[in-house]
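# Remarks on the overall topology
Now for the letters of each chain:
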Amino acid sequence: MKIGIDDIGLFVPEHFFPLDELAARHNIDPNKYLVGIGQELMAVPAPDEDIVTLAANAALPLIDSATRASIATVILATESGIDQSKSAGLFVHSLLGLRADCRVVEFKQACYGATAGLQMACALVRQRPQEKVLVIATDIARYEQNSEGECTQGAGAVAMIVSENPRLLEIHPHQGRYSLDVMDFWRPNYRSTALVDGKLSIDVYLESLQHAWQNYRADGGLALTDISYLCFHQPFTKMAKKAFSVFENIEPEAAKALGDKAYSTSQLYGKAIGNCYTASLYIALLSLLDKTEEDLSGQHIGLFSYGSGSVGEFFSATVVKGYQAHSRRQQHARMLAQRTRLSHAQYSDWFYGNNQPASADYSTPRVTTGAFRYCGAEGYRRLYESTAQQLQMAS
Ligand code: CAA
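Computed from a predicted model, the values in this text were never measured in an experiment.

The subject of this paragraph is the nonpolar core. Membership of the largest hydrophobic core comes to 127 residues, with the highest contact counts inside it found for Leu134, Phe232, Leu285, Ile301 and Phe314. The residues that make up this core include at least three from each of domain 1 (3–168 + 328–357) and domain 2 (174–324). Residues within four places of Ile301 in sequence aside, it is in contact with Leu169, Ile227, Tyr229, Cys231, Leu285, Leu288, Leu289, Phe315, Ser316, Ala317 and Val319. Formed by 6 residues, the second largest nonpolar core is a distinct cluster that contains Cys111, Ala141, Tyr143 and Ala194.

Right, dumping it as structure tokens:
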């Protein structure tokens, strides 16, 4: 049975802040961010955006009436959850008008959660092939202002429909996993910004990749010589180069044959968006699928997912013949091109101001023009608004 990603969509906020201007503010050489870190623009959420609106906006184009009728599970993965108890997926389920006999759950393991979601989705489809699973990775990556992590921030969501006989990517059954209890990046419940030991986090990421790869090979996974492209979790896009160096060390000949082109196209979207934690690996995958001119049909892709704390997983997939006909690359290109640049003052206010206070009642200013917006709270209950025409027509 072939199971995998039948459809995939990206959503990023409508605003960005450029990294060369951040470098000027920090009084450092812009090439540290542009080249050393590999980031050019940071996607910045407006006060009326959160992980729910990002997720619902990413999923909306994937939902027609047939898909709506067949989605039996929603798995929402995030590091930036909005409630300690209720799954953010339930807000998304409601905004998208999905059926009531559907299970909805939120997955957490830093940036790794969506990969656990994808693997669970494949297992559910294997069990009940007539049903589809909606997996959404959605995050706002936020560090202390003026910290070393600030230049890697970003926001965005990727939605995927997992089904039998997928039109885009067939996921292989082989899995390479590696878990280790380590404090490289974490966010206690009372904090809105992450704590991180940056150098340690890079070292543990690379160690995790090496172990996960060995575990994947032991599970019968492809040899590196059979893989054409590699997509890595990219907290900043230079990390893909560091990840590739693991293969240059342990599989020098195969890595040399692959060359930098194995991962360079997968960096393009991430450079213009920034870290999106759970969504970053899938943004790398979309970058590869959308921006590669040659036909990728039949090519094998290796994917490495990493979530600090830490869990790493290496898995692989084959691009399905005819995938281009189902691509949303034009929609993604338009969305990225139409974004508005923010001043430093506006970026600081939106990212670090008290726009979404922990009070019982407040309303957010109307900024975004997407199909869904976050309106504020009444009696501590979060409120959302939909202008999605597809849903109004469907209801
Ligand atoms: N021109 C070109 N390159 C320059 C430069 C210049 N003028 N100045 C510096 N550089 C280079 C440095 O040589 C260095 O390159 P290498 O990494 O290849 O050696 C690079 O720019 C970064 O410089 P520093 O190491 O001095 O940067 P830093 O100390 O400010 O911290 C960081 C970098 C640790 C990544 C920091 O941004 C951070 O803590 N980020 C958040 C944590 C993170 O992303 N960790 C990744 C692994 S964990 C994970 O993947 C989960 C997750 O999503 C968080």
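This is not the end of the story, as more comes after the structure.
What follows deals with the site of the ligand. Lys32, Lys199, Ser201, Lys238 and Lys242 are the nearest of the 26 residues found near the ligand. In this structure, Lys32 approaches the ligand through a side-chain N or O atom, which is 2.7 Å from an oxygen atom. For the ligand, an oxygen atom lies 2.6 Å from a polar atom in the side chain of Lys199. Considered on its own, the ligand offers 1,100 Å² of accessible surface; in the complex 75% of this is hidden by protein. Of all the elements in the fold, those that place two or more residues in the shell around the ligand are helix H2 (30–37), helix H7 (198–218) and helix H8 (238–250). It is H7 that provides the largest number of residues to the shell around the ligand, a total of 5 residues.

Ordered by their spatial adjacency, 3 strands build an open sheet running S3-S2-S14, and the pairing between neighbours is mixed. Of all strands in the sheet, those bounded by a partner on one side alone are strand S3 (41–44) and strand S14 (340–341). Pairing between strand S2 (residues 15–18) and S14: 2 bridges, direction parallel. Residue pairing for S14: Phe16 is matched across the bridge by Arg341. Packing of helix H1 (residues 19–26) onto the sheet brings it into contact with S2, S3 and S14, and relative to S2 it is tilted by some 50°. Relative to the sheet, helix H13 (residues 344–352) contacts S2 and S3, its axis offset from that of S3 by approximately 50°.

Time to look at the UniProt feature "active site" (unreviewed entry) in the protein. Residues annotated in UniProt with the feature "active site" (unreviewed entry) correspond here to Glu79, Cys111 and His233. With the annotated positions falling across 155 residues, the maximum pairwise C-alpha distance of 14.2 Å places them together in a single cluster. Cys111 has contacts with His233, Tyr277, Thr278, Ser305, Tyr306 and Gly307, leaving out every residue within four places of it along the chain. Inspection of the secondary structure puts His233 in the loop between strand S11 (229–232) and H8. With a relative accessible area of 3%, His233 lands in the buried category. When neighbours within four sequence positions are excluded, His233 is seen to be in contact with Cys111, Tyr205, Met239, Asn275, Tyr277, Ser280, Leu281, Phe304, Ser305 and Tyr306.

A few words now on H1. For H1, the full list of buried residues reads Leu19, Leu22 and Ala23. Projected onto a plane normal to the axis of H1, the buried residues spread over an arc of 100° and lie on a single side. Away from the buried face of H1 by more than 90 degrees, exposed residues Ala24 and Arg25 are located. Residues of H1 that are buried in the fold lie against S2, H2, S3 and H13. Positive phi appears at Asn27, one or two residues downstream of H1, with a value of about 60°.

Cut-offs and rules
- Residues numbered from 1 in each chain as written.
- Predicted model: local features only at pLDDT ≥ 70, side-chain atom pairs only at ≥ 80, totals over all residues.
- Heavy atoms only, no water.
- Core = buried A, V, L, I, M, F, W, Y, C linked by side-chain atoms within 4.5 Å.
- Buried < 20%, exposed > 50% of the residue type's maximum accessible area, 1.4 Å probe, protein only.
- Domains from an automatic or database assignment.
- Contact = heavy atoms within 4.5 Å.
- Near = heavy atom within 4 Å.
- Polar contact = N/O pair within 3.5 Å; in protein donor to acceptor, adjacent residues only side chain to side chain.
- Areas by Shrake-Rupley, 256 points an atom, 1.4 Å probe, with all protein chains shown as cover.
- Helix = DSSP H or I, 4+ residues; strand = E, 2+ residues; numbered from the N terminus.
- Pairing = 2+ DSSP bridges.
- Axes fitted to C-alpha atoms, helices over the stretch in contact; angles between N-to-C directions.
- UniProt positions renumbered as here; feature names shortened; annotations may be inferred.
- Arc of directions from axis to C-beta.

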